Amino acid sequence: MLDVKEAKLALRDTDPEIFALIEEEERYQQDSIRLIPSENYVSRAVLEASGSVLTNKYSEGYPGKRYYEGQLYIDQLETLVQDRAKALFGVEHANVQPYSGSPANLATYYALLEPGDKIMGMSLPHGGHLTHGWNVNFSARFYTAVQYVVDEETHLIDYDNVRDLAKSERPRIIVAGATAYPRQFDFATLGEIAREVDAYFLADIAHIAGLIVAGVHPDPAPHADVITTTTHKTLRGPRGAMILCKEEHAKAIDRAVFPALQGGPHNHTTAAIGVALKEAATDEFRAYGEQIVRNAKALAAELLERGFTLVSGGTDNHLVLIDLTDKGVTGKKAARALDRAGIVTNYNTIPYDPRKPFSPSGVRIGTPSVTSRGMGEDEMRRIAAWMDEVVASPEDEDVSKRVAAQVKDLCDGFPAPGLPAS
Ligand code: DSN
């Protein structure tokens with residue numbers, strides 16, 4: 001394997017333009033506070049596996065049954081990664097080939113449903129995901145979609161309403177999972193509701209997989225027929241996905257991933273997922289998961305103290321959804337101003353948002369990346385104070401410059417994992 005320096009020299013000599021852009025991105029990732037809750041910093045080991053010669057190999061099929069020769073090491077690799085996934089999540093079967101979260105969900109529907117069957121998932125503007133039945137997505141075009149929403153007052157899932165909707169709509173599958181829900185899912189109750197209406201239960205744990213492994217979010221494994229997850233969010237692996245399921249669904253899931261929907265697996269990604277799973281089985285990872293939640297709570301508490309309105313009033317996971325309506329600034333304007341100040345967030349709809357998705361009322365933030373850098377509650381309070389200053393004066397360049405300099409100072413003290421400077 002090329003060492004890091006050697007690999008970078010080759011890139012610089014072959015393609016100086018791409019080399020320069022990657023260098024700039026590295027610097028940006030080191031010098032900014034990254035609060036997008038679906039992002040993280042992977043370890044150097046995960047990066048090395050992602051950038052390995054495994055990218056050279058085709059291996060359509062599964063271990064022991066491939067359509068290409070030369071699988072001596074690939075079969076061992078994929079079996080090892082499957083075993084790690086099964087052990088870590090306590091499931092009977094693991095498919096580690098899906099290219100990302102949306103294909104993993106598509107494969108699950110393909111395996112369990114017929115075209116036109118009914119999917120019941122959480123509405124996108126209420127925190128769900130496109131693939132849970134949102135109207136512009138394949139999940140609503142090729143299937144029939146019904147959506148549950150959060151309560152208008154509390155912004156929490158009302159499980160009685162979910163049960164009533166399930167009983168009246170009789171979906172074939174109920175999906176639990178979110179991209180912007182700052183509270184925990186009650187997987188036990190959702191599994192119970194699914195059984196009451198004879199539906200499958202899919203838990204999409206993309207955002208919270210790392211929290212589940214760390215024991216700071218309830219575990220869906222005893223309740224779900226199928227679990228899907230991306231591997232690059234709180235789980236802190238490469239961009240990829242997995243489908244975890246009971247043995248009774250294993251064949252259908254495997255056939256859906258290949259040959260129904262995908263070709264050859266990305267073996268370099270499989271290897272990097274394996275490394276991340278090994279890292280996730282450690283005490284250090286558990287401590288990181290616990291700190292993610294403590295940091296999110298500290299950030300939320302300080303924002304509340306400073307007069308911000310938070311969807312559901314706070315958080316008990318890794319993310320905080322800020323409703324900026326009272327501040328008289330749109331989510332987009334605030335997110336742009338924060339970016340100029342070195343604090344990277346994303347604008348986001350809030351439940352019952354009167355504004356359009358391209359310029360919504362909210363900003364979504366989260367603590368996985370800053371926690372991976374080793375930041376704690378004190379740093380969260382400083383970050384909240386900077387956010388307050390910037391959002392109060394989103395057009396004031398002096399404020400954003402001053403905050404950006406302070407952000408850089410803080411970042412210098414917390415080298416980002418995986419980057420060459422660390
Ligand atoms: N795009 C992801 C997120 O940012 O939450 C979800 O797929």
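Conventions adopted
Residues numbered from 1 in each chain as written. Predicted model: local features only at pLDDT ≥ 70, side-chain atom pairs only at ≥ 80, totals over all residues. Heavy atoms only, no water. Patch = residues over 30% accessible without salt bridge, like charges linked within 9 Å, V, L, I, M, F, W, Y side chains within 5 Å. Areas by Shrake-Rupley, 256 points an atom, 1.4 Å probe, with all protein chains shown as cover. Salt bridge = Lys/Arg side-chain N within 4 Å of Asp/Glu carboxyl O. Helix = DSSP H or I, 4+ residues; strand = E, 2+ residues; numbered from the N terminus. Near = heavy atom within 4 Å. Polar contact = N/O pair within 3.5 Å; in protein donor to acceptor, adjacent residues only side chain to side chain. Nonpolar A, V, L, I, M, F, W, Y, C, P; charged D, E, K, R; others polar. Pairing = 2+ DSSP bridges. Contact = heavy atoms within 4.5 Å. Axes fitted to C-alpha atoms, helices over the stretch in contact; angles between N-to-C directions.

> So, a nonpolar patch on the surface: which residues are in play, and what are the values?
A cluster of nonpolar side chains, contributed by Tyr58, Tyr67 and Tyr68, occupies part of the molecular surface with about 350 Å² of accessible area. Along the chain, Tyr67 turns up in the loop between strand E3 (65-66) and helix H4 (72-89).

> So what about the site of the ligand? Which residues, and what values?
Neighbouring residues of the ligand: Ser38, His129, Thr179, His207, Lys233 and Arg364. With respect to the ligand, the side chain of His129 contributes an N or O atom lying 3.0 Å from an oxygen atom. One nitrogen or oxygen atom from the side chain of Arg364 is found 2.8 Å from an oxygen atom belonging to the ligand. About the coverage of the ligand: the protein hides 64% of its 230 Å² of free accessible area. Partitioning the shell around the ligand into residue classes produces no nonpolar, 4 polar and 2 charged.

> For the sheet that holds strand E15 (residues 362-366), give the residues involved together with the corresponding values.
Sheet architecture is open: 4 strands sit in the order E11-E12-E15-E14, paired in antiparallel fashion. Of all the strands in the sheet, just strand E11 (309-310) and strand E14 (346-348) have a single pairing partner and so form its edges. Two strands pair when backbone bridges link them, and strand E12 (residues 319-323) and E15 are joined in this way by 5 bridges, in the antiparallel orientation. By the bridge assignment, Asp323 is partnered in E15 with Gly362. The sheet strands contacting helix H12 (residues 283-305) are E11, E12 and E15, and the helix crosses E12 at an angle near 20°.

Nothing here speaks to function; it is geometry throughout.
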